[in-house]
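# Structural overview for review
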Amino acid sequence: MAKRGRLQTLLEYTLARAVLSGLGILPRKLAVAVGRSLGRIGYLLFSDLRRTGSRNLNIAFPDVSQGERKRMLRGCFDNLGRMLGEFSQLSRITPDQFRQIVDCEGLDHLRSAQARGQGVILFTGHLGAWEFTSFALSAFGLPFSFMVRRLDNELIERMIDKVRQRFGNRTLDKNAVSRQALRALNEGGTLGMLPDVNMLAREGVFVDFFGTPASTTSMLAKLALRTGAALVPIYAPWDKQRQRFLLQLEPPLRVERTGDEAEDVQRLTAAVMASIENVVRRYPEQWLWIHKRWKTRPPGEPELY
């Protein structure tokens, strides 16, 4: 690595470590309050992200008032700040302490799916405290492997990965994971994936997300179809009434095999995104609207950003 690149890596790591360590020594409620304040500052500072979020919300909710869409976008930044505050606490929290801030619903869906012995694919979206979907299960004594996109800064990546794996989880690089994932599922293991991000056209299939075609990874559906693994949705939204996070596991999706794999992959991927969309509609201010979800377009369609 060039000297400038190394210096940049060290500076970014030092800043990230200082923020997480500083928040980490605070009581949880104060850490979350400070994190949310940082999120609100981010809303004011990052105009490019605001523009992306506004465009996405126009695509997803064309009939909603501009004021309501603005409220949703502010909520997105607020949620990111909340997650920063919560994540800062995970390096020292105990499983018992963690279980006191999360209500778990539907754990039997996972246990029943695991009992089949054909593997389980847990999928979620970038909604609420999505990091909790893996951390929480390991805190409940159900660790598993899940795919991640490695950060460009390897020092920050190692710092975050250490937290993710505290209670027995294992992270897999999504760019070099196919063989590992297939082996884990064939051995009856559990694998986690986040499929609600934009993919290059050659890496995915187009399925509707909020009524607009979105390029979506086909790996999840292919793995389920080829291994017989159950597809179980899992989400971790913040519930304002309860003032707690809800770890929600839903019944497995129906996996049909017609003999036409391309058609089966298309249908199953659409069902996955429909599940995520349904939850985003319930908690619209908690999804990652600042990601260019519809960046890749079907042939002949104009750019949306």
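Refer to the structure above for everything that follows.
So, a few notes on the structure that sits alongside this text. Values in this document were obtained by computation on a predicted structure and should not be read as measured data.

On to the overall build of the chain, then. The helix and strand tally for the chain stands at eleven helices and ten strands. The C-alpha radius of gyration of the chain comes to 19 Å, within 12% of the 19 Å expected for a compact globule of 305 residues. Considered along the principal axes of its C-alpha atoms, the chain spans approximately 55 × 50 × 45 Å. Sorting the 305 residues of the chain into buried and exposed places 51% on the buried side. Excluding contacts between residues fewer than 6 apart, the proportion of contacts in the chain whose partners are at least 24 apart in sequence is 75%. Accessible area for the chain stands at about 14,900 Å²; split by element, carbon and sulfur atoms hold 53% of it. One way to put it: in the chain the 45 positive side-chain charges average out to a point 6 Å from where the 31 negative ones average out.

Turning next to the packing of aromatic side chains. Tallied over the full model, the rule gives 13 aromatic pairs. Where F209 meets F210, the ring centres are 4.9 Å apart and the plane angle is 80 degrees; that geometry is what we call edge-to-face. Like F210, F209 is buried. Every member of this aromatic cluster is reached through a ring pair, and the members are F61, F209, F210, W287, W289 and W294. For R50, the ring lying beneath its charged end belongs to Y43, and the centroid distance is 5.6 Å. Above the plane of the ring of W238 lies R82, whose end atom (NZ or CZ) is 4.1 Å from the centre.

Turning next to the packing of helix α10 (residues 219–227) against helix α11 (residues 261–282). Closest axis-to-axis distance for the α10/α11 pair is 8 Å, and the angle between their directions is 120 degrees. In terms of orientation, α10 lies oblique with respect to α11. Here the hand of the crossing between α10 and α11 comes out right-handed. Where α10 abuts α11, its residues L220, A221, K222, A224, L225 and R226 lie against E261, D264, V265, L268, T269 and V272.

Turning our eyes to something else, we now look at helix α3 (residues 47–60). Between its first and last C-alpha atoms α3 spans 20 Å; for 14 residues at 1.5 Å apiece the expected length is 20 Å, and the two agree. Where α3 is buried, its residues touch α4 (66–89) and β7 (212–217).

All right, on to the side chain of S215 then. Here S215 lies in strand β7. The class for S215 is buried, based on a relative accessible area of 0%. Of the polar contacts made by the side chain of S215, one reaches the backbone oxygen of M199; its length is 2.9 Å. Other than its neighbours up to four places away in sequence, S215 contacts V197, N198, M199, L200, A201, G204, V205, F206, R293 and T296.

Where empty space is left in the structure can be found by rolling a water-sized probe over the atoms. Approximately 310 Å³ is the volume found for the second largest pocket. Around the second largest pocket, the lining residues are Y13, R17, L20, S21, F87, S88, S91, M159, I160, K162, V163 and R166. Those elements giving two or more residues to the lining of the second largest pocket turn out to be α1 (3–24), α4 and α8 (154–164). When its residues are assigned to classes, the lining of the second largest pocket shows six nonpolar, three polar and three charged.

On to the pattern of salt bridges, then. Taken as a whole, this structure holds 20 salt bridges when the rule is applied. With a closest N to O distance of 2.1 Å, R51 and D48 form a salt bridge. A residue pair is termed a helical-turn pair when its members lie 3 or 4 positions apart in one helix, as R51 and D48 do in helix α3 at three residues. Both residues of the pair, R51 and D48, belong to the exposed class. Where salt bridges share partners, they join R254, E256, E263, D264 and R267 into one cluster.

Turning to the nonpolar core, a few remarks are in order. For soluble globular proteins, nonpolar side chains are generally found buried alongside one another. In this structure, I121, L231 and W289 are the most contacted members of the largest nonpolar core, which totals 49 residues. Leave out the neighbours within four places in its chain, and I121 touches L185, L191, M193, L220, L223, A224, A229, A230, L231 and V232. Formed by 38 residues, the second largest nonpolar core is a distinct cluster that contains F98, A113, V148 and I234.

Basis of the calculations
The numbering scheme is per chain: residues are counted from 1 as the chain's sequence reads. Where totals are concerned, whole chains, interfaces and linings use all residues; where local detail is concerned, this predicted model gives features only for residues with pLDDT of at least 70, and gives and counts side-chain atom pairs only at 80 or more. Computation of side-chain values: all heavy atoms of the structure, hydrogens and water removed. Helix numbering and strand numbering both begin at the N terminus, where a helix is a DSSP run of H or I of at least 4 residues and a strand a DSSP run of E of at least 2. Only C-alpha atoms enter the radius of gyration; for comparison, a globular chain is expected to reach 2.2 Å times N to the power 0.38, where N is the number of residues. Partly exposed residues are those whose accessible area sits between 20% and 50% of the maximum for their type, while under 20% is buried and over 50% is exposed, using a 1.4 Å probe and protein chains only. The contact criterion used throughout is that any non-hydrogen atoms of two residues lie within 4.5 Å. Calculation of accessible area relied on Shrake-Rupley with a 1.4 Å probe; when residues are assessed, cover is drawn exclusively from the protein chains displayed. When charges are tallied, Lys and Arg are placed among the positive residues and Asp and Glu among the negative ones, while His and the ends of the chain are skipped. Just so you know, the charge point we use is NZ for Lys, CZ for Arg, CG for Asp and CD for Glu. Note on aromatic pairs: the rings of Phe, Tyr and Trp (six-membered ring only in Trp) are paired at centre separations within 6.5 Å, and the planes decide the class, stacked below 30 degrees, edge-to-face beyond 60, tilted for the rest. Two conditions define a charge sitting above a ring: the NZ of Lys or the CZ of Arg must be within 6 Å of the ring centre, and it must be within 35 degrees of the ring normal. Axis definition: a line fitted to C-alpha atoms, over the contacting stretch in the case of helices. Angles run 0 to 180 degrees between N-to-C directions. Oblique is the label for any angle not covered by the other classes, which are roughly parallel (under 35 degrees), roughly antiparallel (over 145) and roughly perpendicular (65 to 115). By convention the crossing between two helices is left-handed if the near helix lies anticlockwise of the far one by an angle smaller than a right angle, and right-handed if it lies clockwise. The length a helix should cover is 1.5 Å for every residue beyond the first. Any pair of nitrogen or oxygen atoms within 3.5 Å is treated as a polar contact; in protein, a donor-acceptor pairing is required on top of that, and neighbouring residues in sequence qualify only through side-chain atoms on both sides. Any residue with an atom within 4 Å of a point lines the site, the site being either a cavity, points on a 1 Å grid over the protein atoms alone where a 1.4 Å probe fits but cannot get out, or a pocket, an open set with protein on both sides within 12 Å along at least 5 of 7 lines. Grid points are joined across faces, edges and corners, and a volume is the space filled by probe spheres set on the points. Each residue gets one of three labels, nonpolar for Ala, Val, Leu, Ile, Met, Phe, Trp, Tyr, Cys and Pro, charged for Asp, Glu, Lys and Arg, and polar for the others, Gly among them. One speaks of a salt bridge when a side-chain nitrogen belonging to Lys or Arg is within 4 Å of a carboxyl oxygen belonging to Asp or Glu. To qualify as a nonpolar core, a set must consist of buried Ala, Val, Leu, Ile, Met, Phe, Trp, Tyr and Cys residues joined through side-chain atoms within 4.5 Å.

These values are about where atoms sit, not about what they do.
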